Amino acid sequence: MIREKNGFFELHTRRTTYAFYVLPTGQLGHLYYGKRVHVDGEAMKEKHAFAPSNTINPDAEHPEFSYEQGPMEISAYGKGDIREPFLSVVHADGNPTSDFRFSSYEIRKGKSSMKTLPSSYGKEGDVEELVLHLNDHSYKTELVLTYAVYSACDVITKRAELFNHDEEVLKVQRLMSSLLDFPEDGFVFTSFHGAHCRDMYERVDQPLLPGKTEASVYAGTSSNRVNPFTMLSRPMTDEDRGEVYGFNLVYSGNHATVAEVSPFYETRIVTGMNYAGFLWTLPKGESLEAPEAVLTFSDAGFNGMSRNMHRFVQNHILRGEWAGKERPVLLNSWEAAYFDINEHKLLKLASEAAKAGCELFVMDDGWFAERSDDKRSLGDWEVNVKKLPGGIAGLAKKVNALGLKFGLWVEPEMVNTDSELFRAHPDWTLAVPGRDHAEGRNQRILDLANPEVQTFVIEAMSRVFSEEGVSYIKWDMNRIVSDAYSPSLPPERQGEALHRYMIGLYHICEVLFQRFPHILFEGCASGGCRFDLGMLCFFPQIWASDNTDALCRVRMMTNYSYGYPMNTVSAHVSACPNHQTLRVTPFETRFNVAAFGVLGYECNFCDMPKEELEAVRAQIALYKKWRKTLQFGTFYRGRNGNLHEWTVVSGDKKKAVGLLMQELSVPNFSSHRYYAKGLDPNREYRFTNRVLKHNIKAFGDLVNTVSPVHVKNDSFLQGVLSKFVKMDGESEDYFVYGDLLMNSGIALKQGFASTGYSPEVRLFQDFASRIYFMEGE
């Protein structure tokens, strides 16, 4: 609900209120954002009798005001607010001061789209908008602020558009998406950091002290170095208690979030496009849009905030027929074959995938032109008929005959210098003409700021996607930006290059998304180097990391879950030793972790032992039974330390799946409990586990304490016995109420503690895990 009364604006969702007002000077002042309240603007607004000493008075008629003190709704340099600004421009006369004052507003039902960037969407009954018009007091420039209120999700989005109505050119140094001021300090700022194979790996909690804290990146992508999603919370907030704000950005390029505590102990959060290297020339009659920012608040801890974000992403970011459709279980060829592929090898893999119960087979890199490694042929999107004699359609037909859908890998934004495309169009890449180029992964980035290049990519990909039988595309982007220079732009407009690249990319994605509505697109950028809401507008799932190690993945997926629903996170079971860490983790743990994302496999089924293939069949059958709950249920985080605990609950709360994973075993410690979350406290559930059979090799020499003959570790005899003798795992089976599951928890069977083993003992070694099922009437 949105309403205005006497210059006071109220934006209400089911559980939150956002309020601001027009100051006597015409500027916008912020009042409140938090738990839903009855607004009384006069009682809530800061009182001003005299401006603080050594500050600036911006308006002679109101000497009591200083913009440096007090919560503002937007801010710019020049009139005394020396905190982090919302926008910064330089006028034709060299003046860097902006003075935007309220002019008018409108309230409307539904959600408007943006001209050049993707944004959230909603039906008239789901969302309403407040549009504010502000004019610069001294120039013919207009700032339009648009707020969208998604009541059911407890989410508010904000965006800005700057118009130049003046005769002279305007230079825009920054235009952010959201500024949020709080009248006090004492917050903790949380950001998520990493690198390749450590995507979303580090959650960093920083108590805010006077000064600035920044989470920003200048990589040309939203980046795995720091994700655009951030949080602001009160100290002692935990997963289920305490106040927390979540912030995100519908954007895939350079971004920045700055948290500042002022000398007056007030807190400001500014988020939007990174202003480093940004300079936009805005001629008369043109406008510049800032990406849409997403804000949410919960007083139910981090899980409460995440539930808001998850509902919002699932209902107002993901779109198309795959947004609410169950995603298929796939086998990807990459770790089975890398570049060394051909039709015979791929069909053998696909045949095993079909027997295992997979639903989709994906041919990864290596299928086009002379592509035998990462040094050549990117950009030459013609099939290599030596590898695929029947072309893409021929292979797809044979894969389809096995009962599988078919998909393939592309990297449309890239080109190798050793390619026909680069030889024909060396000026089509981001590079400084006549200067040495800083290379990355033996490839360069196409200049998507150039409309001619956009057209090439659209048509080249359309030819590939139109091949009969293609139902899935993995869209990769394996490089960050260097030498950020667009040959298609004049020298004085190079500060626009990276944002124009993003506008071009979004145009390409939109055209292809509309042309091929039945294709399931999966995003990838060296793993999670572009995991953001902008790409999720076109790709409903994103490859979270090139690292498939289960121990790393449980940490990454936990961190992704703070801002993103798990059905956007692609997660694969791979071989061990893991190709990224060389760590060996239990096969069931690899499945248990991956099952909470969009499950796939990335290993060589042709070389897999019969016992593991049988395990894969059982895993996939189990996943399909619980897929709807796992992909579309409500996700809850529990403990997160040496023990990792997750629960996902169906919408009707009749079903739930839980995970308990251990990093390192603790000697002579045998007692664990599993605590569920989100259940109906008054519903009775049957709680069960997946009963396993354990290989005797897991016990090593200890088998000799019960074996009638001596069995040497790693011997031929041990290998033979392990094929026929299995140790029964524990069974958990209880009928209990939801309140017990959530509060008392289930006391699990005794863990192995070196004193004996039987089916009443839980084998729970390093990296072990269990998956639990709860079914109610």
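Going by the structure above, here's the rest.
Conventions used here
- Residues numbered from 1 in each chain as written.
- Predicted model: local features only at pLDDT ≥ 70, side-chain atom pairs only at ≥ 80, totals over all residues.
- Heavy atoms only, no water.
- Helix = DSSP H or I, 4+ residues; strand = E, 2+ residues; numbered from the N terminus.
- Expected span 1.5 Å × (residues − 1).
- Buried < 20%, exposed > 50% of the residue type's maximum accessible area, 1.4 Å probe, protein only.
- Patch = residues over 30% accessible without salt bridge, like charges linked within 9 Å, V, L, I, M, F, W, Y side chains within 5 Å.
- Areas by Shrake-Rupley, 256 points an atom, 1.4 Å probe, with all protein chains shown as cover.
- Salt bridge = Lys/Arg side-chain N within 4 Å of Asp/Glu carboxyl O.
- Polar contact = N/O pair within 3.5 Å; in protein donor to acceptor, adjacent residues only side chain to side chain.
- Contact = heavy atoms within 4.5 Å.
- Pairing = 2+ DSSP bridges.
- Axes fitted to C-alpha atoms, helices over the stretch in contact; angles between N-to-C directions.
- Phe/Tyr/Trp six-rings, centres within 6.5 Å; stacked < 30°, edge-to-face > 60°.
- Lys NZ or Arg CZ within 6 Å of the ring centre and 35° of its normal.

Given a rise of 1.5 Å per residue, 19 residues ought to cover 27 Å, and the 27 Å separating the end C-alpha atoms of helix α8 (residues 497-515) matches this to within 8%. Along α8, the residues that are buried comprise A497, L498, H499, Y501, M502, G504, L505, Y506, I508, C509, L512 and F513.

With that settled, consider unusual backbone geometry. The amide bond that connects C576 to the next residue, P577, takes the cis arrangement and shows omega of 0 degrees. Among the structural elements, P577 can be located in the loop between β29 (569-574) and α11 (587-594). With phi around 60 degrees, N54 is a residue other than glycine that occupies positive phi space. Its location among the elements puts N54 in the loop between α1 (41-44) and β5 (87-90). When its relative accessible area of 80% is taken as the criterion, N54 is described as exposed.

So, on to a nonpolar patch on the surface. Together, F716, V720, F724 and V725 line one region of the surface with nonpolar side chains, adding up to about 460 Å² of accessible area. Within the element layout of this structure, V725 appears in the loop between α13 (716-724) and β37 (726-728).

Turning to the side chain of S66, a few remarks are in order. Within the secondary structure, S66 sits in the loop between α1 and β5. Reaching out from S66, the side chain makes a polar contact with the side chain of T55 at a distance of 3.3 Å. Apart from residues lying up to four places away in sequence, S66 is in contact with A51, P52, T55, I56 and P58.

The 8 strands are arranged β21-β22-β23-β26-β27-β28-β29-β30 in a closed barrel whose pairing can be described as parallel. Going across the sheet, the axis of each strand differs from the next one's by a mean of 30 degrees, ignoring polarity.

This next bit is on the packing of aromatic side chains. Within this structure, the stated rule accounts for 42 aromatic pairs. Measuring from centroid to centroid gives 5.0 Å for F182 and Y245, while their planes differ by 65 degrees, and the two rings are edge-to-face. On the criterion of sequence distance, the pair formed by F182 in strand β10 (residues 170-182) and Y245 in strand β15 (residues 244-249) is long-range, its members being 63 residues apart. Aromatic pair F596 and W646: ring centres 5.3 Å apart, planes at 65 degrees, arrangement edge-to-face. Of this pair, F596 sits in the loop between α11 and β30 (598-602) while W646 is found in strand β32 (residues 643-649), placing the two residues 50 residues apart along the sequence. Per residue, the accessibility class of F596 equals that of W646, and both read buried. Chaining the aromatic ring pairs together yields one cluster made of F9, Y18, F20, Y33, F102, Y105, Y147, F182, F187, Y245 and F297. Across the ring face of F764, the terminal group of R762 is positioned such that the distance to the ring centre comes to 4.8 Å.

Let us look at the pairing of strand β17 (residues 267-273). A regular strand carries its side chains on alternate faces of the sheet. The element β17 is extensively covered by neighbouring structure, given that 7 of its 7 residues are classed as buried. The sheet contact formed by β10 and β17 spans 6 bridges and is antiparallel. Counted as the bridge partner of D181 is R268 from β17.

Tallied over the full model, the rule gives 53 salt bridges. Between R108 and E106 there is a salt bridge, with the nearest N and O atoms lying 3.6 Å from each other. Of the residues examined, R108 reaches a relative accessible area of 30% and is grouped as partly exposed. When its relative accessible area of 34% is taken as the criterion, E106 is described as partly exposed. The structure contains a network of salt bridges with shared partners spanning D81, R83, D181, E266 and R268.

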